[in-house]
Every structure is written in structure tokens, then in C-alpha cells.
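Observations on chain architecture
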Amino acid sequence: MPRAPLCFVGRAAELERLVDAPGLWVVDGMAGVGKTTLAVRAARALAPVCPDGRIFLHLHGHTSGRGPLDPGTALEALLRALGLGADRIPQDRDERAALWRSELARRRLAVVLDDAADTAQIRPLLPGSGRSAVLVTSRRRLTGLDGVRTLSLDVLSRTETDELFAGLTGAERVAAEPEDCALVAELCGHLPLAVRIAAARLQHRPAWTFGRLAERLRDAGRRLGELEADDGGVAAALALSAHQLDEARLRFFALLGLAPGCDVDAHLAAALADIDLAEAERLLDGLVDVHLIEEPAPGAFRLHALTRDFARGEHVPDGEAARARMIDYYTAYATRAAFLLDAHQARSAGFTEPEPAPRHVPVLADRSEAAAWFDEQIGTIFHLAADALAHGWPERTVALVRRLNRFFIILGRTDEWIEMSELGLAAARRTGNRDDQAWALLAQSAAHRRRGDVQRAVACLREADRIAQAGPRVTDAGYILNALAVTHADLWRLAEAADYFARAIEIFQSEGRTRGLGIAMTNLADILLRQGRIDEAVAQGEAGLAIMEADGNETAGIGTGSTIVGDAHHERGDYASALAHHRRALEIAENLDFQELFADAHTGVGNARRAVGDVEAALRHHEEAVRVLDKIGDHPSRADILNSLARTLLDAGRPEAAGKAAADALEAARGSGNPYEQARALETTAALCEAGEPGSAARYREQAEALLLRHGLPPNRHLSQDVTAAGPSA
């Protein structure tokens, strides 16, 4: 038996299975996972039930510089290990196998057959009957053997890796740098071979820390080089597995290394290799069988991090073409998902749903699957978009980023939206295409506005407007003006906002773009409402909705427009109409999973229910709006949502909670530069102080009135509305 390793940790459950049920076992797993160590330890532990001895035979299935041991030669070695002389060992292989089975049947031995190449090599070496325990290790899944139990080894757990490092480098060293130790373990992929080599480096370099080693291992390009040892290390072990593949399988394996992460499915693999799905599935299954990849769930494949690094180091002649195919695959996937998320908007954005469907792109069942795909893949897509730009394909970056914009609008993820829009702008500037640049700035402005940074949003839009006016009209000229109007409305610069809306409406009318026209008209209604021109706001908003409704699509634009028109009816005292419009917005938000609209619609319904005296129902809707707000993190209407909650809490007799909500609303309004919502928060605070601190209440009201006066705004109506109507419960 080989010498026992310096430190053995974990594997308790696996060892128990091998020892408690001795017999014929195959222990398989990737290179360096600890198969031999476990088998040898199990053989030693089997001594009480295998008193006649132990035999270890290296079958050299993956040994550098030599081929696998021939079964006949292996049988001769095994028989000699039993003490049989040359005169008793037959020349014929089958006779040797029969003699080996006969000798095993009358003994109780623990036999380790290490590093089996394949089923053909191992089958003649297996026992027939008897009470001997035979443990076979292999990097290949030996599925063709009958009567064999299989144990597939995975990498170590986090705790086991820490124990191994502690045993090899000293517990004090691990305790001194727990986070850096955990990082080194992660960068080693918890692979025992890699962990042992990393620990040896620390042992032989006392001045090194886990932190220093982690820095050296962070660079994926040099990671395998850092995990070399005198006997070859991780890269050498993986090479012995990979280089036994035929040319087609080795190319396929190397192409998998181009995937941005460790996970891959058959569709992506087929796109990378430019092969049919069935062929990709066959090749993936083959790589699973030799433990170069794993299949943690049916149809979901994963490369160990170090295996991925090795695959990326393998040269493939068509690597750049494969990279381009992968990016185009994700762009086609994103196009399909965008149509499921909001087909009307996808068509308005100029996307064309491919017919017939792209060769490798899977079918998504519905918009929920599309949203889930976006949520799962956003990190991968960002990596690919950046990779495309780095490889000199800015058009591919723009195409991919554009298809994701609606997902961000509807589903949130503001941080990623800002990063993605910045990447899209960098790519658009590289293309020199004015349409792309204007669109990218428009997207970036929307992301900053959601974050509450209205000034940065305005700066982006002004740059977009300059680009739009520097030559022939760009495709999104109307939407740029519409967005400029919205951001100026956020700042309560209402006259400028109205002017921008008028210009946007003129462009949309001249281009016959009904969706943009309807959006701009309902947005203009919001300005009229803020100016106190309530009847005009209702008429303008209803007209804008009618234009959008003409094509029969329940779009996000109709949902947002409905909240504006609902607010206008509310201000006019028509709470039944207000409730109907807000409920419609809520239904659209639910259908589209549009979180931002969801919060606005719940706020509108809550305001309407409070106005008719149903405070309990109102509170349920306001609390749901805040729940959504907490979920998505950022929302342009944060101050409005919190102010509405504060007023309802006040009416519900919960002054402490109302004060907290008003304070949060005031902070949000100040952060976004919204004077109207600041005034609302101050008036709620004044109402809370009325009974016990009338002087403070007066000061808060004076501050609110001064804000409104300074910005030329109408008096705040929200605290003085009478209960004048009743409607159905929400």
C-alpha cells in the first residue's frame, strides 16, 4: 500500500460506505479529488474483515509517458503478489483471470486497483465470488461493469478544506487569516490535490501569508502555474485526462472553456461548437463519463474552476469564431426573451423575432421563464458584452445591451442597469453610430433617474439631445425629449417640462409613432395636474390613453398613463374613476411583473381608498407598495410612495409609524431635489405636531409653503381632501 497521506480529513460518510459494506466498489471522480487516498484508507480500515492482507496495484490509466497496464500483465502482478511463482502462472490471459478469481475466493483480501483506464482493462481483474474487498479507482465512470457499486467523489466542503489547511500549515495560521484562507480554498476549487500543493507552498515559504497566495491565485491565467509540483501538479493531472480524448472531443472540451462561467448547457455548447444539439448532448455525456465536467442536475453541466482554467489554455483554431457564435447565441436568446417580456415594446425598439428560430436557442415557455432567464444570466451577459467590446466587436455589444434594457426597466436591478448602460455607451461611441449613442445615453439616464440621481440623468439626456441635433434626426429623438421633460418634472421645473413634452409630441406626430405620442401626452397630463389644471389634465391623459389603446396592447405605457389619469381624477374628487384607473394599472403591472409600476399602482389604489374612508384597505395597499420598494431598492417615486403611506398611517392612528415614514419621505425628496414631496412630508410632520407642539407645527407648515412658493407650485391639496365619495373595496 502507498504511504498514508500526511493529513486526511473529511470523507467520513464515504469511508463508512466502503467499510460497512465491503465488496466490489468503483470510486470515480476528477483528477486530484482524492480517490486513491480514500481507497487506500478504506483498505487499511478493512483489516478486521480482510485478515489475509492487502494488495495495491497501479493500473496506470493516466500516467505520463506510458500506456495503461495490459490486463494480462496486471493479472501476473496480482498473482505474484499472492506469492505464486512463475511456474504456476499461466501464459494465457483468461487462464490467469480464472486462477486469480480462484485464489481470491479462498482468501479474504483488501485489493486496491488504482487508476483504471476503462471497463475493458478492469473486467478481467474482478473477483468471481468470495469475501475479498476490491476497490477500483478511475477517472472514468465504469458503467459497463455488472455487480459493482459506485461511489463518485466530489471536492471537499468548505469546512473540510479548512481542516486540511489547518492540518498541513498549522491551525494558528488558518485562525490568523480565516477570510484569506477561505479565498485560497475557493480559488483551489476545494480540490484536495490543489489544496495540498497550495499548503506546501505556504509551508516552504514561511514569510508568505494566505493573502499573498490568494493574490497570486486570483489571476486565472497563472493559477494552474501556481499549483505546480515536482510530480506535475494540477495542470499535469488534468492534461492526462484531457489528452486521452480524440481530436473532436478535445476541441469540444476546449471550447467549453470559452463560456464565461463554469456552467454550461447543451444549447450553449452546441452554439460554441457549431454542431447539432444531439451531438452536443452526446459529447457532454462523454465528458461527464471521464469527469472532465459534472452534471449536478439533469441537463445542467459544470466545469470545476481549475478544469475550466485548463480548458481555456487549450488552443482551438476556431476559438474566435466560437466566441462570436456564443455572443450571437446570447443576443438571439435575449431577443426571444424580450418578445416574451413585452412584445409590443420589442417591436417598437426595432427588434425582429427571428423566423425560423435560431438553430441553438431553446424555447422559453412564457414571460416568467424569460424574466427568470434574465435574472440568472445577467452576470454572464455583462461579461459577454464586455468581452465583445474587448475583442473589437462593439456592434455585438450594443445589440446585446439594447435587448436587455426592458428587463431592467420592468424588473429592477439598478446597479447592473447603470453598469450595462455605461458599457453600451462605450460600445456605441466606438461604432460612431449616432442612433446607438443617443439610445445608450437615454438608457443611462433612465437608470440614474431610478437611482434618484436626477441631475446625472439630465446631463445624459442633454448630451443625447446634442447628438440628436448634430445631424439627421436620430430614431429616439422624441423619446429623448420626453425623458428630458420627465426629469425636469422630477425637479418641478414644470414650464421647461411642458415645453419638452410639446416638442416630443410634435416629433411623434410627424413620425406617426403612436406609442411615443400616447406616452408623451399622458406625461404632459401629469404636468397639467401639478399646475393645478385638473380638468385639462384629465382630458389630456384620457386622450393619450386612447391613442395607446388603439392597437389593443396592454403595455407598460398604458399602465403608467393610467396612474397619471387616476391621480387627475383623484384631484378632481372622482374617486371611483381614480380607483378604476389605478386598478387597471395594477393589473398591467401584475401581468408584466413591472415592479416600479406595481408600487405606483398600489399607492394610487391606497390613496383612493383612503379618500373614501377605507383606511384599513388603504393601508394594505400602501404597505404592499413599500414592500415592493424595499424589494427593488430604487424608485423615482420613492418620496411619493412614502408620503402616501405616512398620511394613511396618520389617519389610522399610528403617529410614530407615520412620523418615521414622513421622515424617510423627506430624506428621499431632498435627495432627488423634489420640492413638492418635501412639502408633503413637512405638512404631515406638522399634522403630527399639531396637538402637542403647535409652534413646531406652524414652523413645518411655513417651510412647506415657502418651498411651494419658491418653485411657483399650487397649494398642497393632499392633507385637506374631504371624504366625498365611496367606492367598492379594493
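Residues numbered from 1 in each chain as written. Predicted model: local features only at pLDDT ≥ 70, side-chain atom pairs only at ≥ 80, totals over all residues. Heavy atoms only, no water.

**Things to note about the pattern of salt bridges**
Cut-off, in case you're wondering: Should a side-chain nitrogen of Lys or Arg be within 4 Å of a carboxyl oxygen of Asp or Glu, the pair is scored as a salt bridge. Helix and strand definitions here come from DSSP, where helices need a minimum of 4 consecutive H or I residues and strands a minimum of 2 consecutive E residues; each element is numbered from the N-terminal end. Only protein chains enter the accessibility calculation, which uses a 1.4 Å probe; a residue is then buried when its area is under 20% of its type maximum, exposed when over 50%, and partly exposed in between.
Taken as a whole and assessed by the stated rule, the structure comprises 42 salt bridges. As a salt-bridge pair, D328 and R396 come within 2.8 Å of each other at their nearest N and O atoms. On the criterion of sequence distance, the pair formed by D328 in helix 17 (residues 319-348) and R396 in helix 19 (residues 394-402) is long-range, its members being 68 residues apart. D328 sits in the partly exposed class, given a relative accessible area of 35%. Ionic pairing is found between E496 and R493, a salt bridge with its closest N-O pair at 2.9 Å. When salt bridges with common partners are traced through the structure, they connect R88, E103, R106 and R107 into a single cluster.

**Digging into helix 14 (residues 266-273)**
For clarity, the cut-off: Only heavy atoms matter for contacts: two residues are in contact if any of them lie within 4.5 Å across the pair. N or O atoms closer than or at 3.5 Å make up a polar contact, with two conditions inside protein: a donor-capable atom paired with an acceptor-capable one, and, for residues adjacent in sequence, both atoms drawn from side chains.
With 7 of 8 residues buried, helix 14 is to be regarded as a mostly interior element. Regarding helix 14, the residues found buried are A266, L268, A269, A270, A271, L272 and A273. For helix 14, the secondary structure elements touched by its buried residues are helix 13 (247-256), strand 6 (263-265), helix 15 (277-289) and helix 17. Its side-chain oxygen at 3.2 Å from the backbone nitrogen of H267, D265 defines the N-terminal cap of helix 14. Following helix 14 by one or two positions, D274 has its phi on the positive side, about 60 degrees.

**A word on helix 8 (residues 178-187)**
For helix 8, the complete set of buried residues consists of C181, A182, V184, A185 and L187. Against the buried residues of helix 8 lie helix 6 (158-169), helix 7 (171-176), helix 9 (192-204), helix 10 (210-218), helix 11 (220-226) and helix 16 (305-313). Once helix 8 ends, the next one or two residues include G189, with phi positive near 65 degrees.

**Brief notes about the packing of aromatic side chains**
Filter applied, for reference: Only Phe, Tyr and Trp rings take part, Trp by its six-membered ring, and two of them pair if their centres are within 6.5 Å. Stacked means planes under 30 degrees apart, edge-to-face means over 60, and tilted covers everything else. We call a charge positioned over a ring when the NZ of a Lys or the CZ of an Arg lies within 6 Å of the ring centre and within 35 degrees of the ring normal.
In this structure the tally under the stated criterion is 11 aromatic pairs. Taking 5.3 Å as the distance between ring centres and 90 degrees as the angle between the ring planes, the aromatic pair formed by Y329 and Y330 counts as edge-to-face. Of the two residues, Y329 and Y330, both sit in the buried class. In textbook terms, an aromatic cluster arises when at least three aromatic residues are bridged by ring pairs, as seen for Y329, Y330, Y333, W373, F374, F407, F408 and W417. Above the face of the W208 ring, R205 is positioned so that its terminal group lies 5.0 Å from the ring centre.

**Details of the packing of helix 1 (residues 12-20) against helix 2 (residues 35-45)**
Counted only if it meets this: Fitted lines through C-alpha atoms give the axes, limited to the stretch in contact for helices. The angle between two N-to-C directions lies from 0 to 180 degrees. Throughout, the term roughly parallel applies to angles under 35 degrees, roughly antiparallel to angles over 145, roughly perpendicular to angles from 65 to 115, and oblique to all others. In this scheme, a crossing is called left-handed if the near helix is turned counterclockwise away from the far one by less than a right angle; it is called right-handed if the turn is clockwise.
Running from amino to carboxyl end, helix 1 crosses helix 2 at an angle of 45 degrees, the nearest separation of the two axes being 9 Å. Classified by the angle between their axes, helix 1 and helix 2 sit oblique to one another. Like other packed secondary-structure pairs, helix 1 and helix 2 cross with a definite hand, here right-handed. Along its contact with helix 1, which presents E14, L15, L18 and V19, the element helix 2 presents L38, R41, A42 and A45.

**Considerations on the pairing of strand 4 (residues 133-138)**
Inclusion rule: In this scheme, strands are said to pair when DSSP sees at least two bridges between them.
Counting buried positions along strand 4 yields 6 of 6 residues, so the element is predominantly enclosed. Here strand 4 shows no split at all, with A133, L135 and T137 on one side and V134, V136 and S138 on the other all buried. In this sheet, strand 4 lies alongside strand 1 (residues 24-28) in parallel orientation, the contact comprising 5 bridges. Within strand 4, the residue paired with L24 across the bridge is V134. Here strand 3 (residues 110-116) pairs with strand 4 via 5 bridges, running parallel. Following the sheet pairing, A116 is matched in strand 4 by S138.

**Remarks on the nonpolar core**
Put simply, the rule reads: Definition of nonpolar core: a set of buried residues of the types Ala, Val, Leu, Ile, Met, Phe, Trp, Tyr and Cys, connected through side-chain atoms within 4.5 Å.
F165 and F252 are the most contacted members of the largest nonpolar core, which has 199 residues in total. Element by element, the count of residues in this core is highest for helix 17, at 12 residues. The contact partners of F165, leaving out residues within four places of it in the chain, are G170, V174, C181, V184, A185, V195, A198, A199 and F210. A74, L78, I122 and L145 belong to the second largest nonpolar core, which has 29 residues in total.

What is shown is where atoms sit, not what they do.
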